[in-house]
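Here's the letter readout for the chains.
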Amino acid sequence: MSHNILVIGELDEGSASATTLELLAGASEIASGGNVSVTLLGVGASQAVGACAGANTAYASDDAQYDDFRGDQWISAIQSAVESETPDVILVAQSIVGRELGPRLSHKLGTAVAMDCVSISDVDGSIKATRPCFGGNAMATYGFSTSPAIATVRAKSFEVTEGGSGPTTSTELPAASQSRTEIIATEAATAEGLQIQDATVVVCGGRGLGDAEAFGEMESIASAIGLDKAAVGASRAAVDLGWYPPSQQVGLTGKVVTPDLYLAVAVSGASQHMAGCSGSKTIVGINRDEEANIWSFSRYGIIGDYKQVVPALIEELKKASGN
Amino acid sequence: MHLVVCAKQIPDPDTPPSAFKIDEASNSVIPAPGISPILSQFDGIAAEAALRIKEAGGDDAKVTVISMGADSARAAIKQVLAMGADEGVLLNDDAFEDGDSYTTAKVLASAIRELGDVDAVFCGRQAADWDMGQVGLLLAEELGWASAIIAKDISYADGNVSVQRVLTDGFETVQMALPAVMTVSNEFGEPRYPKLPQIMAAAKKTVTQYSAAELGLDAADVGASGSRLKIEKLFIPETDSNVEFMGGDTPQEQAAALVQRLQADKLI
Ligand SMILES: Cc1cc2nc3c(=O)[nH]c(=O)nc-3n(C[C@H](O)[C@H](O)[C@H](O)COP(=O)(O)OP(=O)(O)OC[C@H]3O[C@@H](n4cnc5c(N)ncnc54)[C@H](O)[C@@H]3O)c2cc1C
């Protein structure tokens, strides 16, 4: 059956975000002939729709007030797109935006949202959403008894098929209305250089490292591999101890990464951690516990004390790259 | 000032995967033998946030902890009472069972309206069982209140709360007028650990129980029958484990073996 799908897009430095493009790719498959539309809000939005391959229609507002996300402002804009499109499915990323928009929009529209979905499908004409739960120990498939079916979707759940362009024009959405929440301060906190979501190699340190200084060694592994390819992440336990910034947390309540190589050092491999990295092509563990859960996900492993293994690894990596 | 903490009793999320079992016929989790259910950790942190506001606000502030659940949810209520909350409310009715986030928010909202004078509600960012992360927001919408999610820090002054939120790449502080709902994240810090005298004192605090009818709710509008999201299948995903451990007598040999494999696989 065909579906009318509205994708709530997000901008990343003035262009449609990677996840927006993934959602559009997924939407055009599920739509099977139905209309796919997209909304973009913030400076550059009306230009950025041009890259939204998969969308047939677009709604945008370039109002700078949308740049800092405030749920109530976004919802009133999106509601006008919902009124003209009458979608039966709405998709939004499981981002800081989607985590708030999904529930609030579902309530406004008198329907429900399934959060953090990894697959959306049509079974005999009705939409099913599948999502991990119990920290990733289980998966659940849901149906909806109300319409539209709303889902927030985890990054990298749909593959972007290269090429294609988006709508050449967009319908203008209203400028931002008054918000009930006022943003009084912002503070950037990200690691310099390559972001973990973009890296092809992620070196992740866990609580077993024992102290913040040991993260310097994780950074040395990354630089031995090459800082154009590798970035350093952390488990929540390590972040909670203040050893590394929250922006580097991998997992259910952190970031989702899918590098070619994920090197987990002194990370036990709890399901909530693996929720953020199990899509990696190859997982390698360094852990002194022969029974650690990380081995259930690993392709290669070294059983041993990282304090001995990591210096040796750095040396071997340097040798291999000829430095 | 009257502050409410919403607290949920859940299976311990640290249950090892080998002990985690589900009943496919009823789409539910089978409690792991010997592992007690716990107060969802984020809810403990939400309680900590409320208690800190209460302590900063002086003697007239009051904290009420509400839990919707079976009689066993009294344990979660008692824990928050032991942390320092003043009163407990248990929302217990067969009609509430197997609901979704929407019906849960609806029941909690009715209880908050019943209390009457609530200024702020504190929830965990998500319950560590179903991991949906939407009850706090739906509750705010049901009540028509302002909301802010994933808080790292909360302060109160002159009828407004300032909430520092964790964003993807940094933090943002928002200000809003009460009444409001806030959800709290682990970045807030650890909840206090009640000592024996506080646990004893908690046993004497009142826990009021409400049924659907007592909250003026029609059984058809709550629990499974009122749900908008229907679980159709619960299953355990398969993981294919084929780990190869690096041999060698020294860390150097193991590291060399690993680097060799990573090169052969063109991963570095
Ligand atoms: C709702 C919820 C959401 C969560 N979200 C996240 C999330 O987003 N991300 C996340 O990471 N976690 C998350 N968690 C927490 C998660 O359950 C685990 O507690 C956490 O991932 C554990 O981190 P860790 O592996 O670093 O620490 P631990 O589990 O303590 O593991 C440390 C490991 O280090 C090993 N080790 C110790 N010393 C050495 C040594 N010298 N050499 C080698 N190995 C050593 C140990 O054998 C052990 O395996 C969440 C939990 C809940 C309930």
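Right, let's walk through the structure included here.

### Thoughts on the overall build of chain A
And then number 1: Check the secondary structure of chain A and you find eight helices and 18 strands.
And then number 2: Whereas a compact globule of 323 residues would reach a radius of gyration of roughly 20 Å, chain A reaches 21 Å, a difference of no more than 12%.
And then number 3: When its C-alpha atoms are laid out on the principal axes, chain A stretches across 60 × 45 × 40 Å.
And then number 4: Scored against the burial criterion, the 323 residues of chain A give a buried share of 58%.
And then number 5: Within chain A, counting contacts between residues at least 6 apart in sequence, those at least 24 apart form 63% of the total.
And then number 6: As displayed, chain A has an accessible area near 12,200 Å², and 46% of this comes from carbon and sulfur atoms.
And then number 7: Counting 19 positive and 37 negative side-chain charges, chain A places the centres of these two groups 7 Å from one another.

### Brief notes about the site of the ligand
And then number 1: Every one of the 29 residues lining the ligand counts as a neighbour, but Arg207, Ser235, Val250, Ser268 and Asn287 of chain A are closest to it.
And then number 2: Neighbouring residues of the ligand are distributed over chains A and B.
And then number 3: Within the backbone of Ala266 of chain A, an N or O atom sits 3.1 Å from an oxygen atom of the ligand.
And then number 4: Contact with the protein chains removes 88% of the 990 Å² of surface that the ligand exposes when unbound.
And then number 5: Secondary-structure elements contributing two or more residues to the shell around the ligand are helix H6 (236–240) and helix H7 (271–274) of chain A together with helix H1 (41–57) of chain B.
And then number 6: Residue composition of the shell around the ligand, grouped by class: ten nonpolar, 13 polar and six charged.

### Comments concerning the sheet that holds strand S15 (residues 244–245) of chain B
And then number 1: The strand order S15(A)-S14(A)-S16(A)-S17(A)-S18(A)-S15(B) describes an open sheet built from six strands, whose pairing is parallel. Bordering the open sheet on either side are strand S15 (230–234) of chain A together with S15 of chain B, each of which pairs with just one other strand.
And then number 2: Sheet topology places strand S16 (residues 261–265) of chain A next to strand S17 (residues 282–287) of chain A; five bridges connect them, and they run parallel. Each residue of the ladder has a partner; that of Val265 of chain A, found in S17 of chain A, is Ile286 of chain A.
And then number 3: Contacts from helix H5 (residues 214–225) of chain A reach strand S14 (201–205), S15 and S16 of chain A, with the element oriented near 155° to S15 of chain A.

Cut-offs and rules
- Residues numbered from 1 in each chain as written.
- Chains lettered and ligands numbered in written order.
- Predicted model: local features only at pLDDT ≥ 70, side-chain atom pairs only at ≥ 80, totals over all residues.
- Heavy atoms only, no water.
- Helix = DSSP H or I, 4+ residues; strand = E, 2+ residues; numbered from the N terminus.
- Rg over C-alpha atoms; globule rule 2.2 N^0.38 Å.
- Buried < 20%, exposed > 50% of the residue type's maximum accessible area, 1.4 Å probe, protein only.
- Contact = heavy atoms within 4.5 Å.
- Areas by Shrake-Rupley, 256 points an atom, 1.4 Å probe, with all protein chains shown as cover.
- Lys, Arg positive; Asp, Glu negative; His and termini not counted.
- Charge placed at Lys NZ, Arg CZ, Asp CG, Glu CD.
- Near = heavy atom within 4 Å.
- Polar contact = N/O pair within 3.5 Å; in protein donor to acceptor, adjacent residues only side chain to side chain.
- Nonpolar A, V, L, I, M, F, W, Y, C, P; charged D, E, K, R; others polar.
- Pairing = 2+ DSSP bridges.
- Axes fitted to C-alpha atoms, helices over the stretch in contact; angles between N-to-C directions.

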